[in-house]
Amino acid sequence: MKTAIDFYDRGKMKESNADEYSSGGYYFKGRFICPECGEPVHISKSRYSNFFSHFQKTEFSAECDRRVDGVTNSSIYERMGVPIYLRDNGNATFNLVFGFKKIPSHILNKAIEDKATLKIEPHCGVFIDIM
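Residues numbered from 1 in each chain as written. Predicted model: local features only at pLDDT ≥ 70, side-chain atom pairs only at ≥ 80, totals over all residues. Heavy atoms only, no water.

Caption draft 1: Structural context of the side chain of Ser16. Within the element layout of this structure, Ser16 appears in strand β2 (residues 12-17). A polar contact of 2.9 Å, which involves the side chain of Ser16, links it to the side chain of Tyr21. Ignoring sequence-local partners within four residues, the contact set of Ser16 consists of Lys2, Thr3, Ala4, Asp6, Tyr21 and Phe52. (Helix = DSSP H or I, 4+ residues; strand = E, 2+ residues; numbered from the N terminus. Polar contact = N/O pair within 3.5 Å; in protein donor to acceptor, adjacent residues only side chain to side chain. Contact = heavy atoms within 4.5 Å.)

Caption draft 2: Here's a closer look at the nonpolar core. One finds Ala4, Ala18, Tyr21, Phe32, Cys34, Cys37, Val41, Ile43, Phe52 and Cys64 forming the largest nonpolar core, which totals 10 residues. Apart from residues no more than four positions distant in its own chain, Ala4 is found in contact with Lys14, Glu15, Ser16, Phe32, Ile33, Pro35, Val41 and Phe52. (Core = buried A, V, L, I, M, F, W, Y, C linked by side-chain atoms within 4.5 Å. Buried < 20%, exposed > 50% of the residue type's maximum accessible area, 1.4 Å probe, protein only.)

Caption draft 3: Inspection of the packing of aromatic side chains at higher detail. Under the definition given, this model contains 5 aromatic pairs. Here Tyr21 and Phe52 contribute two aromatic rings whose centre-to-centre distance is 6.5 Å and whose plane-to-plane angle is 65°, an arrangement assigned as edge-to-face. Highlighted residues: Tyr21 in the loop between β2 and β3 (32-33) and Phe52 in strand β5 (residues 50-54), separated in sequence by 31 residues. By the burial criterion, Tyr21 is buried, and Phe52 matches it. Aromatic ring contacts, followed pair by pair, group Tyr21, Tyr27, Phe32 and Phe52 into a single cluster. Across the ring face of Tyr8, the terminal group of Lys14 is positioned such that the distance to the ring centre comes to 5.2 Å. (Phe/Tyr/Trp six-rings, centres within 6.5 Å; stacked < 30°, edge-to-face > 60°. Lys NZ or Arg CZ within 6 Å of the ring centre and 35° of its normal.)

By themselves, these are just geometric observations and shouldn't be taken as functional.
Here it is, written out as structure tokens:
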């Protein structure tokens, strides 16, 4: 794979291309992670360019479409779950925010017009809103 998430400094990360790094350089294990499965990857060299590779697969390794020997029919959201964030409103209140994949704005606007709800559990529903 050509890209991975680079944790280049404490609390800082970016998506990086393998060609930006030296294949002979030292990078601590865990600096680069796969954007699909979240497992650590390392830089490998081929004849023409660098690329990121997963470490040896074990019984505890996550299934990943980017792993050369991986075959999965699950989406990234099914494998890793939906990201959940707390957003500070600045007045001692917080919003719970779910990070779903991008939904076209006309569909979201229609959901708001129709007062659609998102069911979190059988007894808990929340109205859809755009932040």
